[in-house]
Structures are given as C-alpha cells and as structure tokens.
Amino acid sequence: DTLLAGRAWTETNRTRTETIAWSYVVDPVADSTRLTVTAQYVPKGIGHMFSGVKEGAYRKQEAARLATLKKAVERDIRKARSS
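Cut-offs and rules
- Residues numbered from 1 in each chain as written.
- Predicted model: local features only at pLDDT ≥ 70, side-chain atom pairs only at ≥ 80, totals over all residues.
- Heavy atoms only, no water.
- 1 Å grid on protein atoms, 1.4 Å probe; cavity = no way out; pocket = protein on both sides within 12 Å on 5 of 7 lines; lining within 4 Å.
- Points joined across faces, edges and corners; volume = space filled by probe spheres on them.
- Helix = DSSP H or I, 4+ residues; strand = E, 2+ residues; numbered from the N terminus.
- Nonpolar A, V, L, I, M, F, W, Y, C, P; charged D, E, K, R; others polar.
- Salt bridge = Lys/Arg side-chain N within 4 Å of Asp/Glu carboxyl O.
- Buried < 20%, exposed > 50% of the residue type's maximum accessible area, 1.4 Å probe, protein only.
- Pairing = 2+ DSSP bridges.
- Axes fitted to C-alpha atoms, helices over the stretch in contact; angles between N-to-C directions.
- Contact = heavy atoms within 4.5 Å.

A.B. asks: Explain the layout of surface pockets to me, please; I cannot follow it from the model alone.
C.D. replies: Gaps left between atoms are located by rolling a probe of water-molecule size over the structure's atoms. Roughly 340 Å³ of volume is contained in the second largest pocket. If you trace the second largest pocket, you find 17 residues lining it, with Trp22, Ala39, Tyr58, Arg59 and Glu62 closest to the centre. Those elements giving two or more residues to the lining of the second largest pocket turn out to be strand S1 (7-14), strand S2 (18-29), strand S3 (32-43) and helix H1 (51-82). Considering each element in turn, the lining of the second largest pocket owes the most residues, 6 residues, to H1. The residue makeup of the lining of the second largest pocket, split by class, is 7 nonpolar, 4 polar and 6 charged.

This is the structure:
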C-alpha cells in the first residue's frame, strides 16, 4: 500500500474565459499504484472561439506532465530499491 492509496482530490482553475476542473484518484493495483486523472474543460464567453485548439493543447500538456511524473516516481522507486 502507498501513502496515498485510496485518496482522491480535485483542483479547479477559473478564469474569465474558461474553467478547468481536474479530479485525481490514487488506488493500489497488484504490486503498483494507479493514478486516475480526469479533467473537464468548460470555455466561457470569448473562450468558446478557441475552445477546440485550447482543449487539444491542454490534453497534450497534461499527458506530457503525467508522463514526466510517472518517470520521476519510477526512477525514485528504482533508486530506493537499489539502496
């Protein structure tokens, strides 16, 4: 079990042109941990004009951020196991 197992939290970012809400859930899975991330993008006002482009960019940015986080966690686990 991990320290965060079974934990869940949310984050919300609101601006004049959009609201983005992220939900995170951490669950134990076999010999590992699963992090489930969901995001909801809601454009507002003039934000509707660029919503398709921004949503795609946010999706790529989040995927890259999570890949970087995964690499860092896995590297730290390998380092701890080899110590």
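After that view, the rundown keeps rolling.
A.B. asks: Is there a simple way to think about the pattern of salt bridges in this case?
C.D. replies: Side chains that differ in charge, positive against negative, can pair when their charged atoms come close. Under the definition given, this model contains 4 salt bridges. Of the charged contacts, one joins Lys70 and Glu74 as a salt bridge, the two residues approaching to 3.9 Å between their closest N and O atoms. With Lys70 and Glu74 both in helix H1, this residue pair falls 4 residues apart, about one helical turn. Residue classification places Lys70 among the exposed positions, given a relative accessible area of 53%. Residue class for Glu74 comes out partly exposed when judged on its relative accessible area of 35%.

A.B. asks: Please explain the sheet that holds S2 as it appears in this structure.
C.D. replies: Spatially, 3 strands are ordered S1-S2-S3 in an open sheet, and the strand pairing comes out antiparallel. Each of the sheet's edge strands pairs with one partner strand only, and the pair in question is S1 and S3. When strand polarity is set aside, the average angle formed by the axes of neighbouring strands in this sheet is 15°. Sheet topology note: the S2/S3 ladder contains 12 bridges and is antiparallel. From the neighbouring strand, Val25 faces S3, where its bridge partner is Thr36. Packing against the sheet, H1 makes contact with S2 and S3, and its axis sits at approximately 160° to S3.

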